[in-house]
Amino acid sequence: MDWLGPEEWQAVALSLRVSFWATLVSLPLGILTAYALARWSFPGKQLLNGLVHLPLILPPVVTGYLLLLTFGTRGPIGGVLAEFGIVFAFRWTGAALAAGVMAFPLMVRAIRLSIEAIDPRLEEAGATLGASPLWVFLTVTLPMALPGIVAGAILAFAKAMGEFGATITFVSNIPGETRTIPSAIYAFLQVPGGEGSAMTLVIVSVVVAMGALLLSEIIGRRVADRVGGR
């Protein structure tokens, strides 16, 4: 990547790091949330569904500000975590948190649709053979929902790569620490002569986004074929 300068490469590397951890850490919770919304009936289900999709509706800046209030060093959660040396505000870990929150709805929706497409009778058959609900989930539901899980994870990764509003509000735009690709593009556009570097990162963003969409489609189909025995 000789066509990327030190600052551009630093932003790309940090974006990949942030997106990877945002996706990896949120995936187990995304699977659990999607399964709960697809299969369980409980009081407050619609409220949970609304909270999951709230980041898609709220302005990203509002989401970032709420994260700052909650996970900042003086926030109810951030203050407690800070006593143990865990700090999110103005750190790359906070960028990963913000990106994960913004990408979470896309991940949950893809996985939920995949679980809802599974015939419940297959899960019931496993239960009638004496399998526990957890074992049925691990051996029946999870493998059959794998295409949706893969697609959801890749889409979440791509969304995390492009997150800007919530990230810059929560963790600012610190070079080498929180300056991801979108933040770097914004920074380059604020200085004379920075248009070239900004355009380079724009091209990287488009390539990553298109690559993620294609990869999601290809891997999803291959996994679906394997699950279906084709």
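Cut-offs used in this document
Residues numbered from 1 in each chain as written. Predicted model: local features only at pLDDT ≥ 70, side-chain atom pairs only at ≥ 80, totals over all residues. Heavy atoms only, no water. Helix = DSSP H or I, 4+ residues; strand = E, 2+ residues; numbered from the N terminus. Contact = heavy atoms within 4.5 Å. Core = buried A, V, L, I, M, F, W, Y, C linked by side-chain atoms within 4.5 Å. Buried < 20%, exposed > 50% of the residue type's maximum accessible area, 1.4 Å probe, protein only. Phe/Tyr/Trp six-rings, centres within 6.5 Å; stacked < 30°, edge-to-face > 60°. Lys NZ or Arg CZ within 6 Å of the ring centre and 35° of its normal. Patch = residues over 30% accessible without salt bridge, like charges linked within 9 Å, V, L, I, M, F, W, Y side chains within 5 Å. Areas by Shrake-Rupley, 256 points an atom, 1.4 Å probe, with all protein chains shown as cover. Salt bridge = Lys/Arg side-chain N within 4 Å of Asp/Glu carboxyl O.

## Comments concerning the environment of Val136
Moving on, step 1. Residue placement: Val136 occurs in helix 7 (residues 133-144).
Moving on, step 2. Remark: the alpha-carbon pair of Val136 and Phe170, spanning 34 residues in sequence, is separated by 40 Å.
Moving on, step 3. What Val136 contacts, discounting residues up to four positions off in sequence, is Glu123, Gly126, Ala127, Ala131 and Thr141.

## Considering unusual backbone geometry
Moving on, step 1. At Phe90, a position not held by glycine, the phi torsion is positive, near 60°.
Moving on, step 2. With respect to the secondary-structure elements, Phe90 resides in the loop between helix 4 (78-82) and helix 5 (92-116).
Moving on, step 3. Within the chain, Ser172 stands out as a residue other than glycine whose phi angle is a positive 65°.
Moving on, step 4. Counting through the fold element by element, Ser172 comes out in the loop between helix 9 (165-171) and helix 10 (181-188).

## What about the nonpolar core?
Moving on, step 1. If you look at the biggest cluster of nonpolar residues, it comprises 17 residues, and the most contacted ones within it are Ile31, Ala34, Val108, Ile111, Ile115, Ala145 and Ile149.
Moving on, step 2. When contributions to this core are tallied by element, the ones reaching two or more residues are helix 1 (6-39), helix 5 and helix 8 (146-161).
Moving on, step 3. Per element, the largest residue contribution to this core is six residues, and it comes from helix 5.
Moving on, step 4. Not counting chain neighbours up to four residues away, the residues in contact with Ala34 comprise Val108, Ile111, Arg112 and Ile115.
Moving on, step 5. Counting residues in hydrophobic clusters, the runner-up holds 16 residues, among them Ala22, Ala89, Ala99 and Phe170.

## Description of the packing of aromatic side chains
By convention here, two paired aromatic rings are described through the distance between centres and the angle between planes.
Moving on, step 1. Under the criterion given, the structure shown has five aromatic pairs.
Moving on, step 2. With a centroid separation of 5.6 Å and an interplanar angle of 45°, the aromatic rings of Phe164 and Tyr186 are classed as tilted. You can see Phe164 sitting in the loop between helix 8 and helix 9 and its partner Tyr186 sitting in helix 10, a full 22 residues away along the chain.
Moving on, step 3. Phe164 gets classed as partly exposed once you look at its relative accessible area, which sits at 27%.
Moving on, step 4. An aromatic cluster is built from Tyr35, Trp40 and Phe137, whose rings are joined through pairwise contacts.
Moving on, step 5. If you follow Arg17 out to its NZ or CZ, it ends over the ring of Trp92, 3.9 Å from the centre.

## So, a nonpolar patch on the surface
Moving on, step 1. A cluster of nonpolar side chains, contributed by Met199, Val202, Ile203, Val206, Val207, Met210 and Leu213, occupies part of the molecular surface with about 610 Å² of accessible area.
Moving on, step 2. If you trace the backbone, Ile203 turns up in helix 11 (residues 195-227).
Moving on, step 3. In this structure Ile203 comes out as partly exposed when scored by relative accessible area, which is 43%.

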